[in-house]
Amino acid sequence: METPGSQSSATGNPWALFLGGALAGALVWAGGSRLLPSHGTESPREEPAAEWTPAETTEAGAGESGASSAGEARGGGVTPDDSRGAEIERGRELAQKICSGCHLYPEPKLLDKVNWAMEVLPDMKIVLGLGDGDPYEQLGAQARVRAAGIIPTTPAVESVEDWRAIVAFYLHEAPDETPPQIPRSPITLGLDQFEAVVPKQLQSPQTTMVWIDPADRQLYVGEGTTNTLAVFGPDLQRKGYLNFNSPPSDMLVKDNVMYVLQIGDLLPSDELNGRLSALGKPGANVPGGGGDVLVNLPRPADFEIADLNNDGRDDIVICGYGNHLGSLLWYEGKEDGSFEEHLIENRPGAIKAYVRDYNNDGRQDLFVMFAQYKEGIYIFENAGNGDFLLTPLLEWHPIWGNSYFELADIDGDGDEDILATNGDNGDHTDIVPPFKNYHGVRIYLNDGKFNFTESFFFPINGAYKAMARDFDQDGDLDIASIAYFADFRKSREETFVYFENQGDMTFKTSTFEQTLAGRWLTMDANDLDGDGDLDIVLGAHDDGPSVVPAMLQQRWREAGPPFVLLKNKLK
């Protein structure tokens, strides 16, 4: 499922749970990336330049960690004769020590002064145990969070003077405005290979997932307001719908059984309201009648079904995104049909998982993206006996904004690379978060030993999902991307981008005329009409944080479609 908006804070994202799977890139808007909740003002940016060098990156995104990715701060460095120099330098040392205890250290240049002063630092003060009053009430946290005791009873900062030094450091070093987007190649208007089919509005678009079933030539669409899963034929006529307790966030079909994941709560929450249900596909029955397979899940964004312990029975992996709390879980399938819960990783933000036997030892391992607090992509190596060993592949600071990733052999050398997007920008509720010049689509190439190096970056404001497929059937992988937190005022073309692979890690970029027909939260690609080529479906969700022109917002609410089909005309 996809999750829009994570908070750029050390704590979590309010919209970060429109996430992964069929929804990946759709429903985990828990609030951006969590460092602590932050908001910002809209920043100006330069118009796209005419040329683009694929290997080029932002200063912040040049390295794998992305820990210093926003551009040079305007505050300047500390000089020996600066009257506040000693305090600022002490604040730097304290920030590096304290912040890196939970996640990668976020440099001041990642946000502007207003965001640090009005959003992030006040929340950091609460989380570090320095706030006045009830910290859990101030964070709007639920009883489970209070019971977990995530706020230290003894402040993590030894004195008020130390905290003032940290604040002084961030406000001195942070830029007045975030840097503009770096130059990129033009995104041309017009998709010769695809025909855009825009259905009529059924209701104000609140799509939480889209999923194409090529076997039955059907499109499944999750709806956030009515908590339904609608079924459409290749002619885009609705054939029926199913009711659930909460919005569908992901689904898959296995052995003629349809598994539907429900997120529980769209908005950031730590309640255990998520579920996984099993039911028959339209016209089919489920042995035992179906029903809830798993309940009390922590805001689940994605799931996988596989035999993890080699006992011949299906097990289930759940990405429990949560908010302040969350977990990566696996459920062991028992002989009587029940499932036993096992904890893999006890932290929030799991948004997307893949099952692979990466070391060829006969046991299924997990590749997992986390998009909250300590953001990164990790291998969880299956050690047997239900144990999984964590190895970081890529890690980023907590304002990075992870939103989706795929494993695909993009360079054609026989091993799987990583295609990833970072653009979750639902950071704040009081101040609009600024655009971040390190948001976009990236390719990390695998050297054959699971060491990944960034080899391609295309800047896109609010990039939310990217899928690698051979859309033109020329033998290499093309890419389709969406941006939920796009710059709708100045760069409408970035809301959907088609990357036609030209070889040698270069791509021709284009979009379609009606790209502003909706605000794209989720996407899927498969052969909907059974003609032998891959179509693309974009799911629209018109409500969420960030700056959207009022006229455009009104148009979506009054006439916006739930989805758009990009019908491949190759065949």
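Residues numbered from 1 in each chain as written. Predicted model: local features only at pLDDT ≥ 70, side-chain atom pairs only at ≥ 80, totals over all residues. Heavy atoms only, no water.

Draft legend 1. Region of the structure containing the overall build of the chain. The helix and strand inventory of the chain stands at six helices and 31 strands. Looking at the chain residue by residue over its 571 residues, the buried ones come to 60%. Restricting the contact set of the chain to residue pairs at least 6 apart, pairs at least 24 apart contribute 61%. Within the structure as shown, the chain displays about 20,700 Å² of accessible surface, and the carbon and sulfur contribution to it stands at 47%. (Helix = DSSP H or I, 4+ residues; strand = E, 2+ residues; numbered from the N terminus. Buried < 20%, exposed > 50% of the residue type's maximum accessible area, 1.4 Å probe, protein only. Contact = heavy atoms within 4.5 Å. Areas by Shrake-Rupley, 256 points an atom, 1.4 Å probe, with all protein chains shown as cover.)

Draft legend 2. View of the packing of aromatic side chains. Across all of its chains, the model carries 28 aromatic pairs by this definition. Between Phe-232 and Phe-563, the aromatic rings sit 5.0 Å apart at their centres with planes inclined by 75 degrees, giving edge-to-face as the arrangement. With Phe-232 in strand S7 (residues 228–232) and Phe-563 in strand S31 (residues 563–568), the pair connects residues that are 331 residues apart, well separated along the chain. With relative accessibility at 0%, the residue Phe-563 sits in the buried group. Ring geometry for Tyr-358 against Phe-450: centres 5.0 Å apart, planes inclined by 90 degrees, an arrangement best described as edge-to-face. Of this pair, Tyr-358 sits in the loop between strand S17 (350–356) and strand S18 (365–370) while Phe-450 sits in the loop between strand S23 (440–446) and strand S24 (452–459), placing them 92 residues apart in sequence. Of the residues examined, Phe-450 reaches a relative accessible area of 25% and is grouped as partly exposed. One aromatic cluster is present, built from ring pairs that chain together Tyr-358, Phe-367, Phe-450 and Phe-452. One residue, Arg-347, lies across the ring of Phe-370, its end atom 4.1 Å from the ring centre. (Phe/Tyr/Trp six-rings, centres within 6.5 Å; stacked < 30°, edge-to-face > 60°. Lys NZ or Arg CZ within 6 Å of the ring centre and 35° of its normal.)

Draft legend 3. Main features of the pairing of strand S28 (residues 506–511). As paired elements, strand S3 (residues 188–189) and S28 share two bridges and run parallel to each other. Pairing of Thr-188 across the sheet is with Ser-510, part of S28. Relative to S28, strand S27 (residues 496–503) runs antiparallel, the two sharing five bridges. Residue pairing across strands places Gly-503 opposite Thr-506, the latter belonging to S28. (Pairing = 2+ DSSP bridges.)

Draft legend 4. Just the sheet that holds strand S8 (residues 238–243), in detail. Pairing is antiparallel in the open sheet, where four strands are placed in the order S5-S6-S7-S8. In this open sheet, the two edge strands, each paired with only one partner strand, are strand S5 (207–213) and S8. For this sheet the average axis-to-axis angle between neighbouring strands, irrespective of direction, equals 20 degrees. The pairing of S7 with S8 spans five bridges and is classified as antiparallel. Within S8, the residue paired with Leu-229 across the bridge is Leu-242. (Axes fitted to C-alpha atoms, helices over the stretch in contact; angles between N-to-C directions.)

Draft legend 5. Quick look at the confidence of the model for the chain. In the predicted model, the chain carries a mean pLDDT of 86, and 84% of its residues have values of at least 70. Considering only residues more than four positions removed or in separate chains, one finds that residues 2–27, a stretch of pLDDT under 50, has 271 contacts. Across residues 29–80, where pLDDT falls below 50, the model places 284 contacts with residues more than four positions away in sequence or in other chains. (pLDDT = per-residue confidence, 0-100.)

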